[in-house]
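Here are the chains, one letter per residue:
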Amino acid sequence: MMRRFRAQTGYTIHAYLTGKRLMLAREKIASGVPMMEAACKSGFGDYSNFYRCYVKRFGISPKEDAAQDRRTVIIS
């Protein structure tokens, strides 16, 4: 099953699920949910693990990303 999933999507099952959880957390943070709560509601049990995955995926910390998102809304 894992090989077939990777052949179809290009991602491992774990990487795919982690990416989905990170996108969900990013949306929650952008809508004003506190970062710790967004991480927990997105399925991350440990904030440090969430933080590491977030920086690896997006190249920026959740706090910096939220600040950039707020600046974009204000400028628009």
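Anyway, here's the lowdown on the structure attached to this text. Bear in mind the structure is a predicted one, so any value in this text is a computation, not a measurement.

1. Looking at the side chain of Asp-65
Consideration 1: Inspection of the secondary structure puts Asp-65 in helix H5 (residues 62-75).
Consideration 2: Accessibility expressed as a relative area gives 9% for Asp-65, which makes it buried.
Consideration 3: There is a polar contact of 2.4 Å between the side chain of Asp-65 and the side chain of Tyr-54.
Consideration 4: Excluding residues within four positions of it along the chain, Asp-65 makes contact with Arg-26, Tyr-54 and Ile-60.

2. Notes on the nonpolar core
Consideration 1: One finds Leu-22, Ala-25, Ile-29, Ala-38, Ala-39, Phe-44, Phe-50, Cys-53, Tyr-54, Phe-58, Ile-60 and Ala-66 forming the largest nonpolar core, which totals 12 residues.
Consideration 2: Among the secondary structure elements, those contributing two or more residues to this core are helix H2 (13-30), helix H3 (35-41) and helix H4 (47-58).
Consideration 3: The element best represented in this core is H4, accounting for 4 residues.
Consideration 4: Ignoring anything within four residues of it in the chain, the contact list for Ile-29 reads Met-35, Ala-38, Phe-50, Pro-62 and Ala-66.

3. A short note on the packing of aromatic side chains
Consideration 1: Applying the stated rule across the entire model yields 6 aromatic pairs.
Consideration 2: In this arrangement the basic side chain of Arg-21 is found over the ring face of Phe-44, its NZ or CZ atom lying 4.1 Å from the centre.

4. A few points about a nonpolar patch on the surface
Consideration 1: A surface patch of nonpolar side chains, about 300 Å² in accessible area, is lined by Tyr-11, Tyr-16 and Leu-17.
Consideration 2: Within the secondary structure, Leu-17 sits in helix H2.

5. Observations concerning the pattern of salt bridges
Consideration 1: Evaluated as defined, the whole model comprises 2 salt bridges.
Consideration 2: One salt bridge connects Asp-65 with Arg-26, and the closest N-O pair in it is separated by 2.7 Å. Taken together, the positions of Asp-65 in helix H5 and Arg-26 in helix H2 put the pair 39 residues apart, joining distant regions of the chain.
Consideration 3: Residue Glu-37 is joined to Lys-41 by a salt bridge in which the shortest nitrogen-to-oxygen separation is 3.0 Å.

Cut-offs used in this document
- Residues numbered from 1 in each chain as written.
- Predicted model: local features only at pLDDT ≥ 70, side-chain atom pairs only at ≥ 80, totals over all residues.
- Heavy atoms only, no water.
- Helix = DSSP H or I, 4+ residues; strand = E, 2+ residues; numbered from the N terminus.
- Buried < 20%, exposed > 50% of the residue type's maximum accessible area, 1.4 Å probe, protein only.
- Polar contact = N/O pair within 3.5 Å; in protein donor to acceptor, adjacent residues only side chain to side chain.
- Contact = heavy atoms within 4.5 Å.
- Core = buried A, V, L, I, M, F, W, Y, C linked by side-chain atoms within 4.5 Å.
- Phe/Tyr/Trp six-rings, centres within 6.5 Å; stacked < 30°, edge-to-face > 60°.
- Lys NZ or Arg CZ within 6 Å of the ring centre and 35° of its normal.
- Patch = residues over 30% accessible without salt bridge, like charges linked within 9 Å, V, L, I, M, F, W, Y side chains within 5 Å.
- Areas by Shrake-Rupley, 256 points an atom, 1.4 Å probe, with all protein chains shown as cover.
- Salt bridge = Lys/Arg side-chain N within 4 Å of Asp/Glu carboxyl O.

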